[in-house]
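Coordinate analysis (summary)
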2 protein chains.
Amino acid sequence: MKQVIVARRDLDLDAGKLAAQVAHAALTAADRADDDARSQWRDGGQKKVVLRADAERDLHELAEEARREGLPHAVIRDAGHTVLEPGTVTTLGIGPAPAAAIDRVTGELSLY
Amino acid sequence: MKQVIVARRDLDLDAGKLAAQVAHAALTAADRADDDARSQWRDGGQKKVVLRADAERDLHELAEEARREGLPHAVIRDAGHTVLEPGTVTTLGIGPAPAAAIDRVTGELSLY
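Residues numbered from 1 in each chain as written. Chains lettered and ligands numbered in written order. Predicted model: local features only at pLDDT ≥ 70, side-chain atom pairs only at ≥ 80, totals over all residues. Heavy atoms only, no water.

Of the regular secondary structure elements, chain A holds 4 helices and 4 strands. For chain A, the succession of helices and strands along the chain, N to C, is β-α-α-β-α-β-β-α. Scaling as 2.2 N^0.38, a compact globule of 112 residues should have a C-alpha radius of gyration of about 13 Å, and chain A matches this with 13 Å. When its C-alpha atoms are laid out on the principal axes, chain A stretches across 35 × 25 × 20 Å. Within the span of chain A, comprising 112 residues, buried residues form 53% of the whole. (Helix = DSSP H or I, 4+ residues; strand = E, 2+ residues; numbered from the N terminus. Rg over C-alpha atoms; globule rule 2.2 N^0.38 Å. Buried < 20%, exposed > 50% of the residue type's maximum accessible area, 1.4 Å probe, protein only.)

Next up on the list: the sheet that holds strand β4 (residues 89-97) of chain B. All names here are of chain B. The mixed open sheet is built from 4 strands, whose spatial order is β2-β1-β4-β3. Edge strands, defined here as strands with exactly one partner in the open sheet, are β2 (48-53) and β3 (73-77). Taking the axes of each pair of neighbouring strands and ignoring which way they run, one obtains an average angle of 20 degrees across the sheet. The pairing of strand β1 (residues 2-8) with β2 spans 6 bridges and is parallel. Among the inter-strand pairings, valine 4 is bridged to a residue of β2, identified as valine 49. Sitting on the sheet, helix α4 (residues 99-106) touches β1, β2 and β4, and the angle it makes with β1 is about 20 degrees. (Pairing = 2+ DSSP bridges. Axes fitted to C-alpha atoms, helices over the stretch in contact; angles between N-to-C directions. Contact = heavy atoms within 4.5 Å.)

A few words on the relation of the copies chain B and chain A. Overlaying chain B on chain A yields an RMSD of 0.0 Å, the required transformation being a rotation through 180 degrees with an accompanying axial translation of 0.0 Å. In the structure described here, the two chain copies are related by an operation that fits a two-fold rotation axis. Same-surface contact between copies: 100% of interface residues of chain B are shared with the interface of chain A. (Least-squares fit on C-alpha atoms with pLDDT ≥ 70 in both.)

A general feature of soluble globular proteins is that nonpolar side chains tend to end up buried together. One finds A:Leu18, A:Val22, A:Val50, B:Leu18 and B:Val22 to be the most contacted residues of the largest nonpolar core, which totals 39 residues. Beyond its immediate chain neighbours, meaning those up to four positions away, B:Leu18 contacts A:Ala15, A:Ala19, B:Ala7, B:Leu13 and B:Tyr112. (Core = buried A, V, L, I, M, F, W, Y, C linked by side-chain atoms within 4.5 Å.)

Take the environment of A:Lys48 next. Topologically, A:Lys48 is positioned in strand β2 (residues 48-53). Accessibility expressed as a relative area gives 11% for A:Lys48, which makes it buried. C-alpha separation for the pair A:Lys48 and A:Asp78, spaced 30 residues apart in sequence, amounts to 21 Å. Other than its neighbours up to four places away in sequence, A:Lys48 contacts A:Gln3, A:Ile5, A:Trp41, B:Ala20, B:Ala23, B:His24 and B:Leu27. Here A:Gln46 takes part through its side chain, which lies 2.7 Å from a polar atom of the side chain of A:Lys48. Within the structure, the side chain of A:Lys48 is placed 3.3 Å from the side chain of B:His24, a separation counted as a polar contact. (Polar contact = N/O pair within 3.5 Å; in protein donor to acceptor, adjacent residues only side chain to side chain.)

A few words now on unusual backbone geometry. With an omega of 15 degrees, the peptide bond between A:Gly95 and A:Pro96 qualifies as cis. Although it is not a glycine, B:Asp12 sits at a positive phi angle of roughly 55 degrees. Structurally, the position occupied by B:Asp12 is in the loop between β1 and α1 (15-32).

Take the environment of A:Ala15 next. Here A:Ala15 is to be found in helix α1 (residues 15-32). Distance from A:Ala15 to A:Ala63, taken between C-alpha atoms, is 24 Å for residues 48 residues apart in sequence. Discounting residues that sit within four places of it in the chain, A:Ala15 has contacts with B:Leu18 and B:Tyr112.

Here's what the structure looks like:
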């Protein structure tokens, strides 16, 4: 079991802001997984990987693929109180789910 | 309600690795909060802030203060599969909890 968070690199977020957006995606996607997947994942060390996307469009396409695969996922929009325009799409969380199923969606992406 | 994640800057983690450690802290601390705090926080937009610490010792001291305040918290150690030594303490998540209570513990820290 693992979780993947895809983050837009084209926004040039500073490391702390990026981390907050990634955490938001991780929490929201995990909330949408079922209890069984979540506890298996937690017991296995809560593996998670942060991958990169280069445009908002990529996140929407990946979210659509995750939906087709039946994977829990969450597209995160920033509230825009600080550096970003309100509603800016920043990250996509997928899983926790079996690694092989997630890899069908994000297997070609690079580490952030 | 908010959540704070304190991350060690002295480890010089790359942005993706840092984000994964912050997400781990956010999830684990949220798991330790009660359902009521968690749902209030979620309904309020799941506010979270990433702050910096400069040494492992700081995280332990802050965790002890969080414990004394009765705040849900989690000290995260990396599994050490990649760049870090196994067991390296990387982050501390505190909350979700009332902002004023968290500020008593982390109010003097800077943004990451």
